[in-house]
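# Residue-level structure breakdown
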Amino acid sequence: QVQLVESGGGLVQAGGSLRLSCAASGSILSINDMSWYRQAPGKQRELVARITSGGSTNYADSVKGRFTISRDNAKNTVYLQMNSLKPEDTAVYSCAAQVVVAVTRAKYTHWGQGTQVTVSS
């Protein structure tokens, strides 16, 4: 089994910063793409940022220049550094990882439980 555990959410004032972490554990052979998604109340879930195993990244236009995604492959962990936060960044942030499971080598996308980020104006 594979688990993704997120941390780092919370309440911050507009203009502030937060750093989210997501650690994967379990029967992991390797991890391909790792991503952060968010879902605000009444809105659809959207991709915030993605990073490949080789370190290539892409971002939603709304967060470019403010958010930075990174990963530590040795720790099976992905991070999201969020700067210059705005009230419209308020959402539940979830990580996702394309995990190649040990032994079977099957590939599945696993999700974290989500962490709340609230930005006050």
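Quick caveat: nothing in here was measured; it's all calculated off a predicted structure.

## Structural notes on the packing of aromatic side chains
- Per the counting criterion, the structure on display carries one aromatic pair.
- Judged by centre distance (5.0 Å) and plane angle (50°), the ring pair of Tyr-37 and Trp-111 falls under tilted. Taken together, the residues Tyr-37 in strand S4 (residues 28–39) and Trp-111 in strand S10 (residues 107–111) connect sequence positions 74 residues apart.
- Trp-111 sits in the partly exposed class, given a relative accessible area of 34%.
- Lying over the aromatic face of Tyr-79, Arg-19 brings its terminal NZ or CZ to 4.1 Å of the ring centre.
- Above the ring of Trp-111, the side-chain terminus of Arg-45 is found at 4.1 Å from the ring centroid.

## Describing the pairing of strand S7 (residues 67–72)
- What you see with S7 is a clean split: Phe-67, Ile-69 and Arg-71 sit on the buried side and Thr-68, Ser-70 and Asp-72 on the side with no burial.
- In the sheet, S7 pairs with strand S8 (residues 77–82) via six bridges, with the strands oriented antiparallel. What sits directly across from Thr-68, in S8, is Gln-81.
- What sits between S7 and S8 in their antiparallel hairpin is a turn of four residues, with Asn-76 showing a positive phi close to 50°.

## Side note on the nonpolar core
- Core analysis: the largest hydrophobic core is formed by 30 residues, its most contacted members being Trp-36, Val-48, Phe-67, Val-78, Leu-80, Met-82 and Tyr-93.
- Looking at this core, the element that brings in the most residues is strand S9 (residues 91–101), giving five residues.
- Once residues lying within four places of it in the same chain are set aside, the contact partners of Tyr-93 are Glu-6, Leu-20, Trp-36, Tyr-37, Arg-38, Val-48, Phe-67, Leu-80, Met-82, Gly-114, Thr-115 and Val-117.

## A few points about the pairing of S9
- Across the 11 residues that make up S9, a large majority, nine, are buried.
- Here S4 runs beside S9; their pairing, made up of nine bridges, is antiparallel. Of the residues in S9, the one forming a bridge with Met-34 is Ala-97.
- Summarising the sheet, S9 and strand S11 (residues 115–120) pair through three bridges and their orientation is antiparallel. By the bridge assignment for S11, Val-92 is matched with Gln-116.
- Pairing analysis gives five bridges linking S9 to S10, with the strands arranged antiparallel. From the neighbouring strand, Ala-97 faces S10, where its bridge partner is His-110.
- Hairpin connection from S9 to S10: five residues lie between these consecutive antiparallel strands, with Val-103 at a positive phi of about 75°.

Rules behind the numbers
Residues numbered from 1 in each chain as written. Predicted model: local features only at pLDDT ≥ 70, side-chain atom pairs only at ≥ 80, totals over all residues. Heavy atoms only, no water. Phe/Tyr/Trp six-rings, centres within 6.5 Å; stacked < 30°, edge-to-face > 60°. Helix = DSSP H or I, 4+ residues; strand = E, 2+ residues; numbered from the N terminus. Buried < 20%, exposed > 50% of the residue type's maximum accessible area, 1.4 Å probe, protein only. Lys NZ or Arg CZ within 6 Å of the ring centre and 35° of its normal. Pairing = 2+ DSSP bridges. Core = buried A, V, L, I, M, F, W, Y, C linked by side-chain atoms within 4.5 Å. Contact = heavy atoms within 4.5 Å.

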